[in-house]
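Secondary and tertiary structure notes
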Amino acid sequence: MDSYKIAFIYGRDDEKNNFEDGQVHFYGEVEEGFLHSKILLDYAKEHYPDMPIFQQLNPRHQPEVIAYFLVRMGHIVFFNTTKYDEENINKYGRLGFFMMPDEITKKQASALVRFSKSIEDFNVFITHHIVMQDGLLDSMTCHSPEKVEPKELVRQYLDSYATIIEEKEK
């Protein structure tokens, strides 16, 4: 993940874009130095050129706002927010966060677990139950003050997600 700024974990098959449920797609090379907003808009223009919302957004929008619309489509979006200079790496380590859709497929959950194991040296948090109200995002956040490994945080999230699904089905 050190080479990329964004990772997508797809939640459904999309023949038009050659996406498969559970597929992990890395996008936006770190060395190019572009903002997350620009990378997300480039991705959206490449894969969803007919979606009007992506025509209205621009690189000045917060990357989370742009990603919100991709999350609403069922994608998990992971942001690599690490600053790759020696001082920041030594002081803060590798950083990132997940934006989660409301529903996750089984294949997507499995891919999320595998992906979380691949970023074991990252300090991450998870945003979920994301809503937009009056143009502002609000969400719940899952994080650990004890800095647990990403795979453990993802496991905790998936356990709580399963509980929520079971309660909805009652």
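A brief report on the enclosed structure follows. What you are looking at is a predicted structure, and each value in this text was computed from that prediction instead of being measured.

**What about the packing of helix H1 (residues 36–47) against helix H3 (residues 63–72)?**
- Orientation of H1 relative to H3, taken along the N-to-C sense of each, is 25 degrees, at an axis distance of 8 Å. By the angle between their axes, H1 is roughly parallel relative to H3. In terms of crossing hand, the pair formed by H1 and H3 is left-handed. Each of His36, Ser37, Leu40, Leu41 and Tyr43 in H1 lies in contact with H3, whose residues at this interface are Pro63, Ile66, Ala67 and Leu70.

**Side note on the packing of aromatic side chains**
- The full count for this structure, using the stated rule, is 15 aromatic pairs.
- Ring centres of Phe78 and Phe98 lie 4.7 Å apart, and the angle between their planes is 55 degrees; on these two criteria the pair is classed as tilted. Here Phe78 is found in strand E3 (residues 76–80), whereas its partner Phe98 is found in strand E4 (residues 94–99), with 20 residues between them in sequence. We note that Phe78, like Phe98, is buried.
- Among the aromatic residues, those joined into a ring-pair cluster are Phe8, Tyr10, Phe19, Tyr27, Tyr43, Tyr48 and Phe54.

**Focus: the pairing of E4**
- In the sheet, E3 pairs with E4 via 4 bridges, with the strands oriented antiparallel. When the bridges of E4 are listed, Phe78 appears paired with Phe98.
- Pairing analysis gives 6 bridges linking E4 to strand E5 (residues 122–133), with the strands arranged parallel. Directly across from Phe97, in E5, lies its bridge partner Phe125.

**A few points about the nonpolar core**
- One finds Phe8, Phe54, Leu70, Val77 and Met99 to be the most contacted residues of the largest nonpolar core, which totals 26 residues.
- If you list the elements that add at least two residues to this core, you get strand E1 (4–9), H1, H3, E3 and E4.
- Among the elements that take part in this core, H3 stands out by supplying 7 residues, more than any other.
- In this structure Met99 touches Glu64, Ala67, Tyr68, Val71, His75, Ile76, Val77, Phe79, Thr127, Ile130 and Leu137, once residues within four positions along its chain are discounted.
- Counting residues in hydrophobic clusters, the runner-up holds 22 residues, among them Ile76, Phe122, Val124 and Leu153.

**Some points on the sheet that holds strand E6 (residues 136–142)**
- Spatially, E2-E1-E3-E4-E5-E6 is the arrangement adopted by the 6 strands of the open sheet, whose pairing is mixed. With one partner strand each, in any of the chains shown, strand E2 (24–29) and E6 form the two edges of the open sheet. Taken over all neighbouring pairs, the strand axes of this sheet differ in orientation by 25 degrees on average, direction set aside.
- Across the face of the sheet, H3 comes into contact with E1, E3, E4, E5 and E6 while running at roughly 75 degrees to E5.
- Strands E1, E2, E3 and E4 of the sheet are contacted by helix H5 (residues 106–118), whose axis makes an angle of about 150 degrees with E1.

What counts, and where the lines are drawn
Residues numbered from 1 in each chain as written. Predicted model: local features only at pLDDT ≥ 70, side-chain atom pairs only at ≥ 80, totals over all residues. Heavy atoms only, no water. Axes fitted to C-alpha atoms, helices over the stretch in contact; angles between N-to-C directions. Helix = DSSP H or I, 4+ residues; strand = E, 2+ residues; numbered from the N terminus. Parallel < 35°, antiparallel > 145°, perpendicular 65-115°, else oblique. Left-handed = near helix turned anticlockwise from the far one by under 90°. Contact = heavy atoms within 4.5 Å. Phe/Tyr/Trp six-rings, centres within 6.5 Å; stacked < 30°, edge-to-face > 60°. Buried < 20%, exposed > 50% of the residue type's maximum accessible area, 1.4 Å probe, protein only. Pairing = 2+ DSSP bridges. Core = buried A, V, L, I, M, F, W, Y, C linked by side-chain atoms within 4.5 Å.

In short, geometric facts, not functional conclusions.
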